[in-house]
Structures are given as C-alpha cells and as structure tokens.
Amino acid sequence: MATVVLKDVRKIYSENTVAVNDFSLRVEDGEFVVLVGPSGCGKSTTLRLIAGLEEATGGEIYIDGCLANDVPPKDRNIAMVFQNYALYPHMDAYRNMAFGLKLRKYPRAEIDDRVREAADILGIHDLLRRKPKELSGGQRQRIALGRAIVRKPKVFLFDEPLSNLDARLRVQMRTELSKLHARLNATMIYVTHDQVEAMTMGDRLVVMQDGRIQQVGAPIHLYRRPANRFVAGFIGSPSMNFLEGELVRDGGLAFRGDGLRLPIPDRHGDSLSGHVGRRAILGIRPEHILFASSAHGVREAEAVTAKIEVVEPMGHETYLYLAVGRASFVARVTADHTPAAKGDVRLAFDFSAVHFFDRETGAALLRTPAE
C-alpha cells in the first residue's frame, strides 16, 4: 500500500468555476479517509485528480512518494470503484473481475488465483458465473469491488459507491467495506455526501465546502469540536441547532436571543469576553437539550420555557420540534421521557457541550468545549 499526499492542489475549469482550491492533505499508508460534503463541493473532482482522470491546474500529487501529476491513470497503480458499477453486461462476474488483468497480459493461472482470492474475501463464489442482469444491486457492487481487489493496487478510490443502493443494503455494505479495509489494511479514499456514512466508516474525515477543506480529523473530534458553523451543521443527525443572539454582560456573561436569556458559565469567560456586545450564534446538538427537571445543577432561572410544536417518535428515541419566540430547535429525548402531548415544557441547555460561532465568519469561538 502507499501514502497519498496532495500539496496546494487546484482545479479550475474556467475563471468562474474553481472546483478545488488549495487542497493539501496527507493520507497515511493503510488509512481510510473519507471526503465528505454537499454536492458540488469538489470531493469527486479531488478523487479524479488523484486517479489521473482530471489534470490538476496547480499543486502536486504524490502516490507512494512519487510525483504523479504527469503519470497516466493506468500507471498510477490505483483502483477506483464508481457509483455506477460499470460492469460489462455480456460478461459473467468472473470475466468482469478478470478483464483488467487479462488486458495487462497476466498469466491465466495468476488471474484465476486473484479472482478466486477476491471472491473468497467478498463471499461471492456462487456469483462468479452469473451475468450482471442476474445480480442484485448489492451483488453487482461486490463484483465491482472484486474487480478492484484483483488489481492489488496501492490505493483504493471510492466515488459514492453505495448511493444507488436502498437504505438497508447501504448499512450492510458499509459494514462490509469496513471489514474489507481491516482485512486488506489498504489505503482507501472514499467520497460521500452522506455524513452518517462518513462518520461510521472513516479513520479521518475531510469536510469540504466550495472546493476548500473546512476541517480534517477523527469523526468524534469533528462532532465534538467543529472548527466552524458549516462543519457543526453538516456533521451530526439531526443537525446541530443554531440560535442567533448577542453576548452580553447582564449580571454576568449571558447569551440573549429572541425570547431567551442563557447565563454562560464562568469557564467560558476567557474565550468569549472579547466578543461581548457582538452578535453571535449559539450551537447545541439535540441530545444536549434536557428537561429542566432531570438536568442536574440547573437553577430555575437558567431554564427555558419552550413550546412543543411537533413530536416525532423514532422508536427508541423521540425528536421534539420546539419554539421559543421566533427561534426553532430540535431536542432528542429517550422514548421513556416523551411528553404525552404538545404544550409547554421547561428545558435546560447542557453548557458543557455548547458551541458559539462568529455571526460574520462562522468561525468557532469556543474551540475546546468541555467534554
């Protein structure tokens, strides 16, 4: 396997279309890195630049220590799995998996050994003589994976390979891909717009927006310590709640918004004191909004009265859609604590997990909230 290094990589299609801008990243040998972001953020273009399917406008791309900018795709020793399985309809699964090796004139015995080894890894021996039309979506994706595995590449690239599958099969294939990574100890770069997929699969996530990296880190680090409002809102389901207001000194440091006033603990004073009198955005995840009656150490003056607008049972938990004044937010509670009916409820915010963001730049004002 190999490391992949991108230094200040850019891809510009025209003066007004900058797909990737100043992208720098090091993917370690054997690491599973996920590029995640909304449609049009540049993640698939970045993958195609690594594969050599697109030519970089600027910057350098290294694969296994060698500059790859001018190396043709066929000589980069990478394997790519696409959203479209791209199987030859007239060939059975065995021949689809073997075709690339046959073109490279590998000996027949070695081709057979590699195909059967990949089939063993993926558990698809019974599918080898079937044609694509006889296979389900999940089975076709396994064949496409097998075609990549037989190459024994230095780097695996995945471009939203599960997006054509139904929800249940996507969950199953996520698990299988994670097992495959553990078994092969392969360097893998995976592109998805599904943040749940990214959180459950990647060793590290690279969150992108408008062709730029917003933050890189382990999934739980990005979840707990987002660098800006975009990352905070993109990572996590349901999304983080954002409330607009102002940081004020009113008998102590507080956040004051439409219909609410929240005292801010002294431990956050150093980080926020320079922003007093300025507009800010408070961010809090649904699971950190608690019933005041069950929140330890919360004084009555710190609680907020909210109106329950919608109750959404999810089975083991319930989402409460709430309103305070013109502000709306979501709380996630256990099924055992679901209110019996709509109405008013007293809530408390867990300030050990609260975030503040600059209203203009979106940058986090509290980079290390207590955990």
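That block above? That's the structure.
Below you will find a few notes about this structure.

The rules we used
- Residues numbered from 1 in each chain as written.
- Predicted model: local features only at pLDDT ≥ 70, side-chain atom pairs only at ≥ 80, totals over all residues.
- Heavy atoms only, no water.
- Helix = DSSP H or I, 4+ residues; strand = E, 2+ residues; numbered from the N terminus.
- Buried < 20%, exposed > 50% of the residue type's maximum accessible area, 1.4 Å probe, protein only.
- Contact = heavy atoms within 4.5 Å.
- Pairing = 2+ DSSP bridges.
- Axes fitted to C-alpha atoms, helices over the stretch in contact; angles between N-to-C directions.
- Core = buried A, V, L, I, M, F, W, Y, C linked by side-chain atoms within 4.5 Å.
- Salt bridge = Lys/Arg side-chain N within 4 Å of Asp/Glu carboxyl O.
- Expected span 1.5 Å × (residues − 1).
- Parallel < 35°, antiparallel > 145°, perpendicular 65-115°, else oblique.
- Left-handed = near helix turned anticlockwise from the far one by under 90°.
- Nonpolar A, V, L, I, M, F, W, Y, C, P; charged D, E, K, R; others polar.

**Description of the overall build of the protein**
Thought 1: Assigned secondary structure in the protein consists of nine helices and 20 strands.
Thought 2: Referenced to the eigenvectors of the C-alpha coordinate spread, the extents of the protein come out at roughly 80 × 45 × 35 Å.
Thought 3: Burial status across the protein gives 51% buried among its 371 residues.
Thought 4: Sequence separation of 24 or more characterises 65% of the internal contacts of the protein that already satisfy a separation of 6 or more.

**What to know about the sheet that holds strand 18 (residues 327–334)**
The strands that make up a sheet are held in pairs by hydrogen bonds between backbone atoms, and each pair lies either parallel or antiparallel.
Thought 1: Strand order in this open sheet of five strands is 15-19-16-17-18, and the pairing throughout is antiparallel. Pairing within the sheet leaves two strands with one partner each, and these edge strands are strand 15 (289–291) and strand 18. Averaged over all pairs of adjacent strands, the angle between their axes in this sheet comes to 50 degrees, without regard to strand direction.
Thought 2: The sheet contact formed by strand 17 (residues 317–324) and strand 18 spans eight bridges and is antiparallel. Counterpart to L320 in the pairing with strand 18 is A331.

**Examining the nonpolar core**
Thought 1: In this structure, M97, V115, L145, F156, F158, L177 and Y190 are the most contacted members of the largest nonpolar core, which totals 48 residues.
Thought 2: It is helix 3 (residues 108–122) that provides the largest number of residues to this core, a total of six residues.
Thought 3: The contact partners of L145, leaving out residues within four places of it in the chain, are V81, L122, F158, M173, L177 and L180.
Thought 4: Judged by nonpolar contacts, the second largest core, of 31 residues, contains L272, V354, F356 and L365.

**Observations regarding the pattern of salt bridges**
Thought 1: Taken as a whole and judged by the stated rule, the model has 20 salt bridges.
Thought 2: Note that K11 is salt-bridged to E54, the shortest N-O span being 3.9 Å. Placement of the pair is K11 in strand 1 (residues 4–14) and E54 in the loop between helix 1 (43–51) and strand 4 (58–63), with a sequence separation of 43 residues. You'll find K11 and E54 in the same group, each marked buried.
Thought 3: Here K152 and E117 are joined by a salt bridge, their closest N and O atoms 3.6 Å apart. Of the two residues, K152 sits in the loop between helix 4 (137–149) and strand 7 (155–159) while E117 sits in helix 3, which places them 35 residues apart along the sequence.
Thought 4: Here K152 falls in the partly exposed class, since its relative accessible area comes to 47%.
Thought 5: Overall, E117 belongs to the partly exposed group, its relative accessible area being 41%.

**Focus on helix 4**
Thought 1: For helix 4, built from 13 residues, the straight-helix expectation of 18 Å at 1.5 Å per residue is met to within 8% by its first-to-last C-alpha distance of 18 Å.
Thought 2: Judged by how many residues are buried, helix 4 sits mostly within the fold: 10 of 13 residues are covered.
Thought 3: Among the residues of helix 4, those classed as buried are G138, Q139, Q141, R142, I143, A144, L145, G146, A148 and I149.
Thought 4: Buried residues along helix 4 sit in contact with strand 6 (78–81), helix 2 (93–103), helix 3, strand 7 and helix 5 (167–184).

**Section: the packing of helix 4 against helix 5**
Thought 1: Running from N to C, helix 4 and helix 5 cross one another at 20 degrees; their axes reach a closest spacing of 11 Å. Taken together, the axes of helix 4 and helix 5 lie roughly parallel to each other. Here helix 4 runs over helix 5; the crossing is right-handed. Together, G137, G138, Q141, R142, L145 and I149 of helix 4 and L169, Q172, M173, E176, L177, L180 and L184 of helix 5 make up the contact between the two elements.
Thought 2: Among the residues making up the contact of helix 4 with helix 5, the classes are represented as seven nonpolar, four polar and two charged.

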